[in-house]
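Notes for the structure review
In case you want the letters, here they are:
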Amino acid sequence: MDVTFLQHTLAALLRGLPLTLNLALLSLLGGGVLALLLNLLRQNRLGSYVTRFYVWVFRGTPLLIQIFMIYYGLGSLPAVRESVLWPLLRDPYWCGLIALVLNDAAYTSEILRGGLNAVSVQSLEAAKVSGMSRFTTLRRITLPLAVRQALPAYSNEIISMIKSTSLVSTISLMEMTGIADSIVSETFRALEVFISAAIIYLLLTVLVSKAVALLERRLSPYHVGARP
């Protein structure tokens, strides 16, 4: 195995790392906000149906198809090309990011819903007896407990979104997988290139797993340094 080639390949792939992290971070932030709104929408009957349909569609279809639908599908509609949204939807970066955000929101909303359902009735009753308003209860009791309960499952979603950013290479974005594909097309050395890319993704997932495990430990009520 050519060590020099591997060094050059790793250096080239790392140039795509900022875009990979950018897409992963923004999709998680956008998806998290949208997931919170979806769970608030569940509070009324009509909103619950809308949220269920949204989750059903985005969890039931492949992310790759969602990316293609937004990038190629919407661009084929004359109404979209003539709208004010066209400068945004013709850009592969924004199309990829929108698809990642919408997909992440569907999964995160279910994770957050599970965390909210795990909040005990006794905790809510104690907050009510203490005179807390609904907003204060949500901010100080419900959301912190829900996040603590949902954190293990959410760590899997973080890792999944980091890996899912590789799919935007199909719409010409040059993140790590896109760069890897271009190197392979020039050198025909697929094994070394994709092993190098896989190593970087593995390191990212290990770092995320360790960071979430540390955060989970800090938030645990049984941890010595945890806040009461």
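Bear in mind that the values here come from a model prediction, so they are computed numbers and not experimental data.

The next thing to look at is the side chain of Thr9. Within the element layout of this structure, Thr9 appears in helix α1 (residues 3-14). For Thr9, the residues in contact, after removing those within four places along its chain, are Ile183, Val193 and Ser196.

What tends to happen in soluble globular proteins is that the nonpolar side chains get buried as a cluster. Ranked by size, the top nonpolar core spans 38 residues in total, and within it Leu23 and Ile162 carry the most contacts. Of all elements in the fold, only α1, α2 (17-41), α4 (63-73), α7 (92-117), α9 (134-164), α10 (176-187) and α11 (190-219) reach the threshold of two or more residues within this core. With 7 residues, α11 is the single largest residue contributor to this core. Excluding anything up to four places from it in sequence, Ile162 contacts Thr20, Ala24, Tyr201, Leu204 and Val208. Counting residues in hydrophobic clusters, the runner-up holds 6 residues, among them Tyr54, Phe58, Ala105 and Ala106.

Moving on, we come to unusual backbone geometry. Of note, Ser172 is a non-glycine position whose phi angle comes to about 75°, a positive value. The backbone of Phe188 sits at a positive phi, close to 60°, despite the residue not being glycine. On the secondary structure map, Phe188 appears in the loop between α10 and α11.

Right, let's get into the packing of aromatic side chains. One pass over the full model with this rule turns up 5 aromatic pairs. Measuring from centroid to centroid gives 5.2 Å for Tyr93 and Trp94, while their planes differ by 80°, and the two rings are edge-to-face. A relative accessible area of 36% means that Trp94 is categorised as partly exposed. Among the aromatic residues, ring-to-ring pairing joins Phe68, Tyr71 and Tyr72 into one connected group. Positioned above the aromatic ring of Phe5 is the side chain of Arg189, whose terminal nitrogen or guanidinium carbon lies 4.0 Å from the ring centre.

Another point: the pattern of salt bridges. Applying the stated criterion across every chain, the model contains 5 salt bridges. Taking the shortest distance from any N to any O, the salt bridge between Arg42 and Glu110 comes out at 2.5 Å. With a gap of 68 residues between them, Arg42 in the loop between α2 and α3 (45-60) and Glu110 in helix α7 connect regions that are remote in the sequence. Overall, the relative accessible area of 18% leaves Arg42 in the buried class. Exposure remark for Glu110: the relative accessible area of 18% places this residue in the buried category. Ionic contacts of the salt-bridge type, sharing partners, join the residues Arg42, Arg59, Glu110 and Arg113 into one network.

Quick notes on the rules
- Residues numbered from 1 in each chain as written.
- Predicted model: local features only at pLDDT ≥ 70, side-chain atom pairs only at ≥ 80, totals over all residues.
- Heavy atoms only, no water.
- Helix = DSSP H or I, 4+ residues; strand = E, 2+ residues; numbered from the N terminus.
- Contact = heavy atoms within 4.5 Å.
- Core = buried A, V, L, I, M, F, W, Y, C linked by side-chain atoms within 4.5 Å.
- Buried < 20%, exposed > 50% of the residue type's maximum accessible area, 1.4 Å probe, protein only.
- Phe/Tyr/Trp six-rings, centres within 6.5 Å; stacked < 30°, edge-to-face > 60°.
- Lys NZ or Arg CZ within 6 Å of the ring centre and 35° of its normal.
- Salt bridge = Lys/Arg side-chain N within 4 Å of Asp/Glu carboxyl O.

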